[in-house]
Structure formats: C-alpha cells, structure tokens
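# Commentary on secondary and tertiary structure
Each chain, letter by letter, is given below.
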Amino acid sequence: MNGRAIGCIALGAIVFVLIGIAGINVASSRIGCPNRLQWGDRFYAPTGTPAPSPDTGGASVPVKLGSTFIGLTTRSIYGPSSPGSGSPAPHPDVIAMDCGDGRFQPYRNAGPAPTATPSPAAMLPLALSDTTPMRAPNA
C-alpha cells in the first residue's frame, strides 16, 4: 500500500471518530425540559415554570415514579404518592420531571399518547366490487 492510501484511510478514520464524538456530545448534553412529554401511554404538557424541587400539586410528598429518555440521557419522573402510603399513585394527572440543571418542571396530563396505528374510524373501507379482478387459485 502506498503512503497516499494510508493517509486517506487515517484521515477518514479520524474524521469519522470526531463526527461520532460530536454527535454523542450534542445528543447527551440536552439541559432543560422539553415543551411536551410522552411518558408511558400518556401525553403531558408543561404547566408553570421550573421549580427547585418537584411539585405535583398535591399535599403529599412527591415520589419517584420512574425515568424517561431525553436524547441519550435519562431524566427522573416524580408524581404524587397514594393517599395513606408512600407508594406512587397509578397514572397521575400531574407529574414533575428533572430538567437536568437542578430544576423540576411540572407537567399536566394532556390526553392519551399518539399511536402509530390509526383508529378504526380513520380506516377506509375496502369493499370488493363486481369488477374487482380475483386471482385464480393455484391448481
């Protein structure tokens, strides 16, 4: 192999690695809270401004419900605890998410999460007509 080919391969490898590092840096350095959040089967919209502690609008102390991915990082989700216990309430209407900068953004349930499958009402009926050609069965 000659020197020009080795130089081109080395330069290509270096550029490939640098682009990969830059992409990972951009994807993992998202600080702040998104303007909408899908968590589980629900869609949440932000309410108010980020606060220094999680606030779920209830009298109970917020508990950690789980986490969600934002880019390549995970963010903690907090919600109200069940009345009379320290366990999380199932499907809360108000949650708070860690913004990654020491603040917590409250979110309110805005409805079910969108799905990739259309509803039956949105599907077009495909009725067969008399002029629809039929395939002959294999003999």
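Scoring rules and cut-offs
Residues numbered from 1 in each chain as written. Predicted model: local features only at pLDDT ≥ 70, side-chain atom pairs only at ≥ 80, totals over all residues. Heavy atoms only, no water. Pairing = 2+ DSSP bridges. Helix = DSSP H or I, 4+ residues; strand = E, 2+ residues; numbered from the N terminus. Axes fitted to C-alpha atoms, helices over the stretch in contact; angles between N-to-C directions. Salt bridge = Lys/Arg side-chain N within 4 Å of Asp/Glu carboxyl O. Buried < 20%, exposed > 50% of the residue type's maximum accessible area, 1.4 Å probe, protein only.

## Quick notes on the pairing of strand β3 (residues 63-70)
Relative to strand β4 (residues 73-79), β3 runs antiparallel, the two being bridged by seven bridges. In the strand pairing of β4, T68 is matched with R75. Remark: two residues form the turn of the hairpin made by β3 and β4, two consecutive strands paired antiparallel; G71 in that turn has positive phi of roughly 65°.

## Section: the sheet that holds β3
One open sheet accounts for six strands, arranged β1-β2-β6-β5-β4-β3; its pairing is antiparallel. Each edge of the sheet is formed by a strand with only one pairing partner; in this case those strands are β1 (37-39) and β3. Each neighbouring strand pair of the sheet contributes to a mean axis angle of 40°, computed without reference to strand direction. Looking at chain direction, strand β2 (residues 42-46) and strand β6 (residues 104-112) are connected through five bridges and run antiparallel. By the bridge assignment, P46 is partnered in β6 with Y107.

## Description of the pattern of salt bridges
Tallied over the entire structure, the rule returns two salt bridges. D93 serves as the salt-bridge partner of R42, at 3.3 Å between the closest nitrogen and oxygen. Of this pair, R42 sits in strand β2 while D93 sits in the loop between β4 and β5 (94-98), and the two are 51 residues apart along the sequence. A relative accessible area of 18% places R42 in the buried class. For D93, a relative accessible area of 45% translates into the label partly exposed.

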